[in-house]
Every structure is written in C-alpha cells, then in structure tokens.
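So you can see what is in the structure, the chains are spelled out below.
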Amino acid sequence: MTAVTTEAPAGVRVRGLTRVFGDRTVLDGVDLDIAPGEFVALLGASGTGKSTLLRALAGLDGEGHGDIGVPDRRAVVYQEHRLLPWSRVWKNVVLGLRGGDLRRRADAALAEVGLAARADAWPLTLSGGESQRVALARALVRTPELLLLDEPFGALDALTRLKAQALVADLWAEHRPAVLLVTHDVEEALLLADRALLLSGGRIAREYPVALPRPRSLEDPRFTALRRDLLDGLGVAPPPAPAEPEETT
Ligand SMILES: Nc1ncnc2c1ncn2[C@@H]1O[C@H](COP(=O)(O)OP(=O)(O)OP(=O)(O)O)[C@@H](O)[C@H]1O
Ligand SMILES: [Mg+2]
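This paragraph deals with the overall build of the chain. Along the chain, the regular secondary structure elements total seven helices and 10 strands. Taken against the 2.2 N^0.38 rule, which gives 18 Å for 249 residues, the C-alpha radius of gyration of the chain at 19 Å falls within 12% of a compact globule. Within the chain, the fraction of its 249 residues that count as buried is 46%. One finds the centroid of the 30 positive side-chain charges in the chain at a distance of 7 Å from the centroid of its 34 negative side-chain charges.

Glancing now at the packing of helix α4 (residues 128-140) against helix α5 (residues 158-175). Taken N-terminus to C-terminus, the directions of α4 and α5 make an angle of 15°; their axes are 11 Å apart at the nearest point. When the axes of α4 and α5 are compared, the pair comes out roughly parallel. Relative to α5, α4 is oriented so that their crossing is right-handed. Contacts from Gly 129, Arg 133, Leu 136 and Leu 140 of α4 reach α5 at Thr 160, Leu 167, Val 168, Leu 171 and His 175. When its residues are assigned to classes, the contact of α4 with α5 shows five nonpolar, three polar and one charged.

Another aspect to go through is the site of ligand 1. For ligand 1, the set of nearby residues contains 13 residues, the closest of which are Arg 24, Ser 46, Lys 50, Thr 52 and His 184. Taking Thr 48, its main chain carries an N or O atom lying 3.2 Å from an oxygen atom of ligand 1. Ser 51 has a polar side-chain atom sitting 2.9 Å from an oxygen atom of ligand 1. Of all the secondary-structure elements, those providing two or more residues to the shell around ligand 1 are β3 (24-34) and α1 (50-58). If one sorts the elements of the shell around ligand 1 by residue count, α1 sits on top with three residues. The residue inventory of the shell around ligand 1, partitioned by class, reads three nonpolar, seven polar and three charged.

Following Arg 214, the chain continues into Pro 215 via a peptide bond in cis, with omega recorded as -5°. Relative to the helices and strands, Pro 215 is located in the loop between β10 (203-209) and α7 (221-233). Residue Thr 143 is not a glycine yet carries a positive backbone phi of 35°. The residue Thr 143 is located in the loop between α4 and β7 (146-150) in this model. Non-glycine residue Arg 176 carries a positive phi angle of around 50°. Summarising the element assignment, Arg 176 is placed in the loop between α5 and β8 (178-182). A relative accessible area of 46% places Arg 176 in the partly exposed class.

Turning next to the sheet that holds strand β4 (residues 39-43). The strands that make up a sheet are held in pairs by hydrogen bonds between backbone atoms, and each pair lies either parallel or antiparallel. Strand order across the open sheet formed by six strands is β6-β7-β8-β4-β9-β10, with mixed pairing between neighbours. Two strands lie at the open edges of the sheet, namely β6 (74-77) and β10, each paired on one side alone. Along the sheet, successive strands turn relative to each other by an average axial angle of 20°, direction set aside. Together, β4, β6, β7, β8 and β9 (195-200) form the strand contacts of α1, whose direction differs from that of β7 by roughly 150°. On the sheet, α4 packs against β6 and β7 and is oriented at approximately 170° with respect to β6.

Considered domain by domain, the chain is made up of domain 1 (2-73 + 145-233) and domain 2 (83-143). Computed over C-alpha atoms only, the centres of domain 1 and domain 2 are separated by 25 Å. Contact residues are listed per partner, giving 12 residues for domain 1 and 11 residues for domain 2. Taking both sides of the interface into account, the surface hidden between domain 1 and domain 2 amounts to around 860 Å²; carbon and sulfur atoms contribute 71%. Connecting domain 1 to domain 2 are three residue pairs in polar contact (both at pLDDT 80 or more). Of all elements in the fold, only β7 and α5 reach the threshold of two or more residues within the side of domain 1 that touches domain 2. Here the side of domain 1 that touches domain 2 takes six residues from α5, the largest share from any one element. Taken together, the residues of the side of domain 1 that touches domain 2 sort by class into seven nonpolar, two polar and three charged.

Procedures and definitions
Residues numbered from 1 in each chain as written. Chains lettered and ligands numbered in written order. Predicted model: local features only at pLDDT ≥ 70, side-chain atom pairs only at ≥ 80, totals over all residues. Heavy atoms only, no water. Helix = DSSP H or I, 4+ residues; strand = E, 2+ residues; numbered from the N terminus. Rg over C-alpha atoms; globule rule 2.2 N^0.38 Å. Buried < 20%, exposed > 50% of the residue type's maximum accessible area, 1.4 Å probe, protein only. Lys, Arg positive; Asp, Glu negative; His and termini not counted. Charge placed at Lys NZ, Arg CZ, Asp CG, Glu CD. Axes fitted to C-alpha atoms, helices over the stretch in contact; angles between N-to-C directions. Parallel < 35°, antiparallel > 145°, perpendicular 65-115°, else oblique. Left-handed = near helix turned anticlockwise from the far one by under 90°. Contact = heavy atoms within 4.5 Å. Nonpolar A, V, L, I, M, F, W, Y, C, P; charged D, E, K, R; others polar. Near = heavy atom within 4 Å. Polar contact = N/O pair within 3.5 Å; in protein donor to acceptor, adjacent residues only side chain to side chain. Pairing = 2+ DSSP bridges. Domains from an automatic or database assignment. Buried area = accessible area lost by both parts, 1.4 Å probe.

See below:
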C-alpha cells in the first residue's frame with residue numbers, strides 16, 4: 001500500500017514512488033517536490049506514467065509503493081471534462097459538496113471562468129472549451145491547495161486552448177495553488193510553469209527551471225532556447241532551419 005501522508009500541507013513531497021502493472025514497472029522510484037504555490041509541468045512520451053503519477057497524487061490509486069505527501073484539498077481536471085449530462089452546469093460544479101450556499105459558490109466559481117451566464121445550462125449545450133472551463137470551476141470551488149491537471153486542454157482547438165491557458169495563468173496567479181500540469185505541449189509548459197519536469201524511465205529524468213517573467217512571450221529568445229532544450233530532452237528534433245536558396249547562376 002502507498003503511504004499517503006499529509007505532512008506536506010500545501011505542497012507535494014514524493015519519495016521513492018514505484019508502481020508496477022503486471023510485470024511492467026511504470027514508476028520506478030519517483031522523487032518529486034512541488035513547493036506551495038509552485039506551478040510544475042510534467043512532460044514525457046506517451047505511456048511513461050504521467051497519468052499514473054497524477055492519479056497517485058490525487059489519491060485515486062492506492063496500489064503503489066513509496067511515500068506521498070500531499071495537501072488534503074486537491075482537485076483534478078482531466079482531458080475530458082467528465083460533467084454529468086443530467087445535472088445542470090452549476091450542480092456539476094458543486095457535485096459532492098455540502099453546505100447551504102452551494103448555488104452562490106457555484107455561481108462565484110463560474111464567474112471566475114467567465115461562465116456565470118451558463119449556470120443553468122445543460123452540459124450537452126456547451127462547447128468543448130466551455131465544458132473544460134466548467135471543469136476548472138468545479139476544481140476551483142474546492143479551493144484546492146494542489147491542482148492536478150491531466151492534459152486539460154489536449155482536446156481543444158488552438159485558439160480555445162490559448163484562451164484556456166491564459167485563464168489558468170490568471171486563476172493560478174489569483175489563488176496560488178500548487179499545480180502539477182501534465183501536458184504534451186512544450187509551449188504550454190513553458191508559458192505556464194515555474195519548472196518543467198521530464199518523466200522518463202520511470203523517474204523524473206530531467207528538470208528545466210523556467211525563470212522567465214510573466215506573462216511570457218513565444219518570441220522571447222530565452223523562451224525559444226528553453227523550447228529547444230525541452231524538445232531535445234523529449235527526443236524531438238527541432239524543425240530544420242530554412243534552407244538557403246540555391247544559387248542558380
Ligand atoms: N490500470 C492499469 N492497468 C494496467 N496497465 C496500466 C494501467 N494504467 C496504466 N497502465 C499502463 O502504464 C503505462 C503508463 O500509463 P499512463 O496512463 O500513466 O501514461 P501517460 O504517460 O499518461 O501516457 P499518455 O501521454 O499517453 O497519456 C502505460 O503503458 C499503461 O498501459
Ligand atoms: Mg496520460
């Protein structure tokens with residue numbers, strides 16, 4: 001059994017986390033620290049165990065070995081929004097919560113993601129981007145000290161994705177939870193995170209501090225250099241420089 005403790009009250013402290021499926025060791029002694037309020041991005045090839053690690057931090061997988069210190073108040077947003085179609089939007093936001101002022105809390109969280117006007121809508125009438133914003137509101141209403149995001153914008157079109165990234169940047173600046181963002185998008189990681197981690201071979205194989213002022217610009221030469229480093233770490237060759245036009249004399 002995984003020893004889940006709450007000795008890291010507002011951050012994350014994982015030591016030696018190992019998770020085996022059958023004869024496959026997916027996580028092989030992961031050590032991970034996230035400071036309170038820190039934004040960390042987690043990258044790695046498909047199947048390296050990113051979601052497995054996130055599930056362990058969320059407390060959704062008790063089958064690993066090792067020590068996991070996480071705050072009590074955690075919330076998860078997945079690639080698919082996981083809204084219940086038979087409950088109105090505001091009820092989805094406060095699903096599972098108790099208290100007298102749930103409607104007010106749901107409305108406040110929906111206002112933060114720009115969806116106050118859709119509180120009474122049915123989930124099936126929302127766009128993909130709106131549904132993800134409701135999922136974010138559902139996380140926010142729990143005032144998490146640790147926000148776990150598993151490719152939350154992976155299914156969105158490019159423009160909606162940029163807007164959702166900006167929204168997450170704003171919400172993080174406002175509420176300052178510790179964040180672990182799983183993403184395949186190197187630019188997303190570098191736009192949002194204080195640090196990017198590369199999961200490979202069952203461990204955090206490399207770490208890339210992102211010491212750039214916010215808001216960040218894709219055009220910043222330091223951003224470009226970091227992107228190259230990170231793509232290199234992922235084993236993705238950057239696109240070749242445009243070829244010089246050939247002399248035709
Ligand atoms: N419940 C399970 N039973 C058996 N194998 C599993 C289970 N969950 C995950 N795995 C295996 O563990 C490995 C890591 O899975 P995981 O979902 O963590 O990868 P990932 O890094 O999130 O990949 P992706 O980027 O594609 O989402 C995969 O090979 C997967 O098949
Ligand atoms: Mg995954």
